[in-house]
Each structure stands twice: as C-alpha cells, then as structure tokens.
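# Close look at the chain arrangement
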Amino acid sequence: MSNLAEDTRVLEAVSRVWGYDSLRPMQSRAIAAAIEGRDCLTVLPTGGGKSLCYQVPPLITGRTTIVISPLIALMRDQVRALELSDYPAAALHSALENEDARDILRRLREGALRLLLVAPERAVTPGFGGVLASLADAGGLNSIAVDEAHCISQWGHDFRPEYRRLAELRRVAPGVAMQAFTATATPMVRDDIVRQLGLRDPEVLVGVFDRPNLDLPRARAA
C-alpha cells in the first residue's frame, strides 16, 4: 500500500476544511484506498470519523464521490456542514422539490460537485443509474461509498430492501471502486457486506472498539 493518505495534499485538505492536524490510522488507510481506486470495507465505531474517509478523497482526485446514505436528516447535516467550509456537496432524496433535484443532477453532470449523498431508494432508479454511467464514462466519478453498509446484510440489524440492490451500481459503473463503511463489526456481517456488494479483493479495516472512558459493570455470578 502506498503512503498517499500521508500526502501533504491530504493533510492540507483535512486542515483547511475540518481543522484537524492529523488523521487516525484507519482513516488514513481508507482514504488511501479511495484515492488509489481500490475497494475497501472500513469498520469504525460511531464517532470514529467514518465520514472523513469518503469526504477527503474527492478533494484530492478532483472527481465526484457518490455516497449512499439512509437517513435524510444526516444527509442534510453533512451537506450543511460541508457547505460552510466551501466544500461542493449536495444530497438527493425524496424530500426535495423536483426543481431542486434537477438542479443537483445538473451540477453532478457538470462536475460541479465533489460529494453527492443519495438515498438508496433514489440510487437504484434507472434515471439515476443513467446519470451515474455517464459520469463514470466521462471519468468524473471517483468512487461509490456505501454508508451504514450493514443494512445490506441479511445479518444486519437495520435491513432495508433497497440496500440489497446496491450491487447494481457496480454493473452501472464497473470500473469504479466501491467502499463500504459501518460500525457493525461482527465477522459474519463483514463477510456478507463484501459478498453482497461484490467488493473486489477489498482492504478490510477494523478499528478499535474499546472505549477507555466507559466502565461497564461485570455480571455477578449467581
């Protein structure tokens, strides 16, 4: 693996947009995979910084990353925070007016967005698939990221039917790398995510889930 994630461009972008001086090891490796166009599964606990793993690479490659995200409120919060830092991002979901959705798709086609968050229901429609294929054919698509990727697994606790169709995006943009992100760490779920998404020789990154600030009482023997 190369040292792309430690590239000064990455560190400069992280400092400029988010105000951080460094990255965590798992973040660095996930960012490097996306920049290099490799498939990757990243498992980090809630609050572990998964979003940086897909937000940073398009700033370096100059191409768009599509992020599949299941919750409209979270998409809105991410876009709002990024726009405050002059990061060109948008979210495409069912709560948008038709005119707003058309404007977002226009910006996507023109290469004006670095990050587009998309609800899974919208991502698997033929219309969006056509836009995605055109963007990939033009060399404007950096990668496809699947957030809350445990939703694709039959062993995941948050199963949503549309997630099971996300492998279709691989057929729409066959040469584009795909990264999956989740906080669900069981080996069975990880294996199922890789299989369901058709990840190709993915790097599998699993962060540390121990929380030293939490002291859980042990069960007493009967």
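Before reading further, recall that the structure is shown in the block above.
Read on for an overview of the structure. Everything numeric in this text was worked out from a predicted model, so none of it was measured.

Counting its secondary structure elements, the chain contains ten helices and seven strands. Residues counted as buried form 48% of the 222 residues belonging to the chain. Expressed as a percentage of contacts within the chain between residues at least 6 apart in sequence, the contacts between residues at least 24 apart total 74%. When the accessible surface of the chain is totalled, it reaches about 11,200 Å², and 51% of it is carbon and sulfur.

Right, let's talk about the sheet that holds strand E4 (residues 115–118) for a bit. The seven strands are arranged E3-E4-E2-E5-E6-E1-E7 in an open sheet whose pairing can be described as parallel. In this open sheet, the two strands that pair with only one neighbour each are strand E3 (89–92) and strand E7 (203–206). Strand-to-strand, the axes of this sheet are offset by a mean angle of 15°, without reference to chain direction. Alignment of strand E2 (residues 64–68) against E4, held across four bridges, turns out to be parallel. By the bridge assignment for E4, Ile68 is matched with Val118. Against the sheet, helix H2 (residues 25–36) engages strand E1 (40–43), strand E5 (141–146), strand E6 (177–182) and E7, with an angle of about 160° to E7. Along the sheet, helix H6 (residues 98–109) makes contact with E2, E3 and E4, crossing E3 at roughly 130°.

The next point concerns the side chain of Ser143. Within the secondary structure, Ser143 sits in strand E5. Accessibility expressed as a relative area gives 1% for Ser143, which makes it buried. Of note is the side chain of Ser143, whose polar atom sits 3.5 Å from the side chain of Thr65. Within the structure, Ser143 has its side chain in polar contact with the side chain of Asn142 (distance 3.4 Å). When neighbours within four sequence positions are excluded, Ser143 is seen to be in contact with Thr64, Thr65, Ile66, Val176, Ala177 and Gln179.

Among the structural elements, Gln55 can be located in helix H3 (residues 50–55). Classification of Gln55 by relative accessible area gives buried; the value is 4%. At a separation of 3.4 Å, a polar atom in the side chain of Gln55 contacts the side chain of Trp18. If we ignore the near neighbours within four places in the chain, the residues touching Gln55 are Trp18, Gln78, Leu82, Tyr87 and Leu115.

For helix H8 (residues 126–137), which comprises twelve residues, the first-to-last C-alpha distance of 16 Å matches the rise-based estimate of 16 Å (1.5 Å per residue) to within 8%. All of the buried residues in H8 are Phe128, Gly129, Val131, Leu132 and Leu135. Down the axis of H8, the smallest arc covering the buried residues is 160°, so these residues share one side. Facing away from the buried side of H8 by more than 90 degrees, the exposed set consists of Pro126, Gly127 and Asp137.

With that settled, the discussion passes to the nonpolar core. Formed by 37 residues in total, the largest nonpolar core has its most connected members in Ile66, Ile68, Leu108, Leu116, Phe128, Leu166 and Leu197. Dropping the residues within four chain positions of it, Leu116 is found in contact with Thr64, Thr65, Ile66, Val67, Ala90, Ala91, Leu92, Ile104, Leu108 and Phe128. In this structure, Val17, Cys40, Val67 and Met75 belong to the second largest nonpolar core, which totals 21 residues.

With respect to the helices and strands, the residue Ser85 is situated in the loop between helix H5 (72–84) and E3. The partly exposed category is assigned to Ser85, whose relative accessible area is 27%. Measuring from C-alpha to C-alpha, the distance between Ser85 and Val17 comes to 5.7 Å, with 68 residues separating the pair along the chain.

Attention now goes to helix H1 (residues 8–18). Along an α-helix, residues three or four positions apart point the same way, because every turn accommodates 3.6 residues. All of the buried residues along H1 are Val10, Ala13, Val14 and Val17. Along H1, the residues classed as buried sweep out an arc of 100° about the axis, all on the same side. Opposite the buried face of H1, at more than 90 degrees from it, the exposed residues are Thr8 and Arg16. On its buried side, H1 packs onto H2 and helix H4 (57–61).

A separate point is unusual backbone geometry. Of note in this structure, Asp86 is not a glycine but carries a positive phi near 60°. Within the element layout of this structure, Asp86 appears in the loop between H5 and E3. Overall, Asp86 belongs to the exposed group, its relative accessible area being 73%. Even without being a glycine, Glu148 presents a positive backbone phi close to 50°. Its place among the elements puts Glu148 in the loop between E5 and helix H9 (168–172).

The rules behind these values
- Residues numbered from 1 in each chain as written.
- Predicted model: local features only at pLDDT ≥ 70, side-chain atom pairs only at ≥ 80, totals over all residues.
- Heavy atoms only, no water.
- Helix = DSSP H or I, 4+ residues; strand = E, 2+ residues; numbered from the N terminus.
- Buried < 20%, exposed > 50% of the residue type's maximum accessible area, 1.4 Å probe, protein only.
- Contact = heavy atoms within 4.5 Å.
- Areas by Shrake-Rupley, 256 points an atom, 1.4 Å probe, with all protein chains shown as cover.
- Pairing = 2+ DSSP bridges.
- Axes fitted to C-alpha atoms, helices over the stretch in contact; angles between N-to-C directions.
- Polar contact = N/O pair within 3.5 Å; in protein donor to acceptor, adjacent residues only side chain to side chain.
- Expected span 1.5 Å × (residues − 1).
- Arc of directions from axis to C-beta.
- Core = buried A, V, L, I, M, F, W, Y, C linked by side-chain atoms within 4.5 Å.

Purely geometric numbers; function is a separate question.
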